[in-house]
Amino acid sequence: MNLEKLSVVLEKEPKYRYQQINKFLFQDYISSWQEASSLPQALREKLAKECPLDIKSELKINLRQKGSQKALICLEDGVLIETVLISQKSGKKEDKEARYTVCVSTQVGCPLACSFCSSGQDGFTRNLSSWEIVEQVVFWSRALKSIGKVDNVVFMGMGEPFLNYNEFIKAAKFMNNPETMNIGARRLSVSTAGIIAGIKRLSGEKIQMNLAISLHAPNDILRQKLMPVAGKNKISDILHAVDNYITKTGRRVMFEYVMIKDENDSEQNAFTLAKLMARPLYLVNLIPYNDTGRYHASRPETIKKFKEILESKGVATTVRLSFGGEIEAACGQLKNRRKRK
Ligand code: SAH
């Protein structure tokens, strides 16, 4: 899909064409200009030539399958990015419909090289443009067309959103725009490895989206072992930036803590973490680790104990349902597997 020439093609067209086209592309989710039935035939043909709508993907998806699904999208320069669809039933009897969350990548590869994450292992290729980020949601929206729609978008795929801030925020605002995708700001979430400059910038944005911080360790020494980016972004400075964000926005912030066996999951770690996290509007989300070979997942009993310690100190704590494991949905895993084959 490439809409770069859209404004050129529409130059001499009446203004209302944009509205019509936005509706076709981002509400009806057409995948061919021929489906844009109210546009003149000649315009449809021109658009088909100048603004192709096809999205090349590498994996077959099966929407009847439960849980998560992953697809690889092939971009114009041939690079592959991964995007995940997570479907969840609410659990309430009267609620038959599933909710759909799309997890988007913001970069090809990742420059951060966190030691437990497969995206970081191959290094960094390039930033994604805002269109390439939006396209991932368009891809799943088209696939879901007959059975549902995308409810939530999380910027938690490959890459560090705040190291591609301009394109990330452009994409988020586009998704939120009532004239295009109309996804409520509260249904958009961004996760950062703790890039302080990005937290500050987000605090100043009008868009009220959710912020999550990948903390993963209760002190800088351990954090730096797992995440080299922790060298420049100290926990105390991150928390200071988060507190400013909370003062400005009044919004809750989620701290992600991936539970890795014998690395960051001791009782002592839980007590130290509790001291940092016992604050209003802080929420800890414990993430069962998806095994990548180098590290292993904490035992369920360990996670349970860790949660109990945090809660006993007044820290709001949840454990993330592990959607990803069986389809290798942890950041970067699928793309690497494909390379191995
Ligand atoms: N760079 C951003 C967003 C991408 S990663 C960030 O660091 O937040 C999204 C989340 O998945 C992060 O919390 C990351 O630490 C976590 N993650 C990466 N590899 C994982 C794995 N193997 N198992 C579980 N979570 C993982």
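Provided above is the structure to which this section pertains.
Residues numbered from 1 in each chain as written. Predicted model: local features only at pLDDT ≥ 70, side-chain atom pairs only at ≥ 80, totals over all residues. Heavy atoms only, no water.

(A) Looking closely at the overall build of the protein chain. For the protein chain, the helix and strand inventory stands at 12 helices and 12 strands. Since a compact globule built from 341 residues should have a radius of gyration of about 20 Å, the 21 Å found for the protein chain is in line with a globular shape. Summarising its shape, the C-alpha atoms of the protein chain cover approximately 70 × 45 × 45 Å along the three principal directions. Looking at the 341 residues of the protein chain, the share that counts as buried comes to 52%. Long-range pairs, those at least 24 residues apart, make up 66% of the contacts in the protein chain between residues at least 6 apart in sequence. Accessible area of the protein chain: about 16600 Å², with a carbon and sulfur share of 51%. Averaging the locations of the 52 positively and 37 negatively charged side chains of the protein chain gives two centres separated by 2 Å. (Helix = DSSP H or I, 4+ residues; strand = E, 2+ residues; numbered from the N terminus. Rg over C-alpha atoms; globule rule 2.2 N^0.38 Å. Buried < 20%, exposed > 50% of the residue type's maximum accessible area, 1.4 Å probe, protein only. Contact = heavy atoms within 4.5 Å. Areas by Shrake-Rupley, 256 points an atom, 1.4 Å probe, with all protein chains shown as cover. Lys, Arg positive; Asp, Glu negative; His and termini not counted. Charge placed at Lys NZ, Arg CZ, Asp CG, Glu CD.)

(B) Inspection of the site of the ligand at higher detail. What surrounds the ligand is a group of 18 residues, the closest being Gly159, Ser191, Ser214, His216 and Asn290. A distance of 3.0 Å is found between a nitrogen atom of the ligand and a backbone nitrogen or oxygen belonging to Gly159. Note that an oxygen atom of the ligand is positioned 2.6 Å from one of the side-chain N or O atoms of Ser214. Surface burial for the ligand is 94%, taken as the share of its 540 Å² of free accessible area covered by protein chains. Mapped by element, the contributors of at least two residues to the shell around the ligand are strand 8 (188-192) and strand 10 (253-259). (Near = heavy atom within 4 Å. Polar contact = N/O pair within 3.5 Å; in protein donor to acceptor, adjacent residues only side chain to side chain.)

(C) Region of interest: the packing of aromatic side chains. Considering all chains together, one arrives at 12 aromatic pairs under this definition. Seen from their ring centres, Phe162 and Phe168 are 5.7 Å apart, and the 55 degrees between their planes marks the pair as tilted. Members of the aromatic cluster, connected to one another through ring pairs, are Phe155, Phe162, Tyr165 and Phe168. (Phe/Tyr/Trp six-rings, centres within 6.5 Å; stacked < 30°, edge-to-face > 60°.)

(D) Here's a closer look at the pattern of salt bridges. This structure, assessed with the given rule, holds 18 salt bridges. Its salt-bridge partner being Lys173, residue Glu205 comes within 2.8 Å of it at the nearest N-O pair. On the criterion of sequence distance, the pair formed by Glu205 in the loop between helix 7 (196-203) and strand 9 (210-214) and Lys173 in helix 6 (residues 165-176) is long-range, its members being 32 residues apart. By relative accessible area, Lys173 is classed as partly exposed at 38%. The residue Glu263 makes a salt bridge to Lys225 at a minimum N-O spacing of 2.7 Å. (Salt bridge = Lys/Arg side-chain N within 4 Å of Asp/Glu carboxyl O.)

(E) Molecular detail of helix 6. Relative to the 16 Å expected for 12 residues at 1.5 Å per residue, helix 6 spans 16 Å between its end C-alpha atoms, a close match to the ideal helical length. Every buried residue of helix 6 is listed here: Tyr165, Phe168, Ile169, Ala171, Ala172, Phe174 and Met175. Looking at the buried side of helix 6, the elements it contacts are helix 2 (16-26), helix 5 (130-144), strand 7 (152-155), strand 8 and helix 7. (Expected span 1.5 Å × (residues − 1).)

(F) Molecular detail of the sheet that holds strand 4 (residues 98-103). Taken in spatial order, the 10 strands make up an open sheet running 1-2-3-4-7-8-9-10-11-12, and their pairing is mixed. Two strands close off the open sheet at either side, each with one partner strand: strand 1 (56-57) and strand 12 (316-319). Docked against the sheet, helix 6 engages strand 7 and strand 8, running at close to 175 degrees with respect to strand 7. (Pairing = 2+ DSSP bridges. Axes fitted to C-alpha atoms, helices over the stretch in contact; angles between N-to-C directions.)

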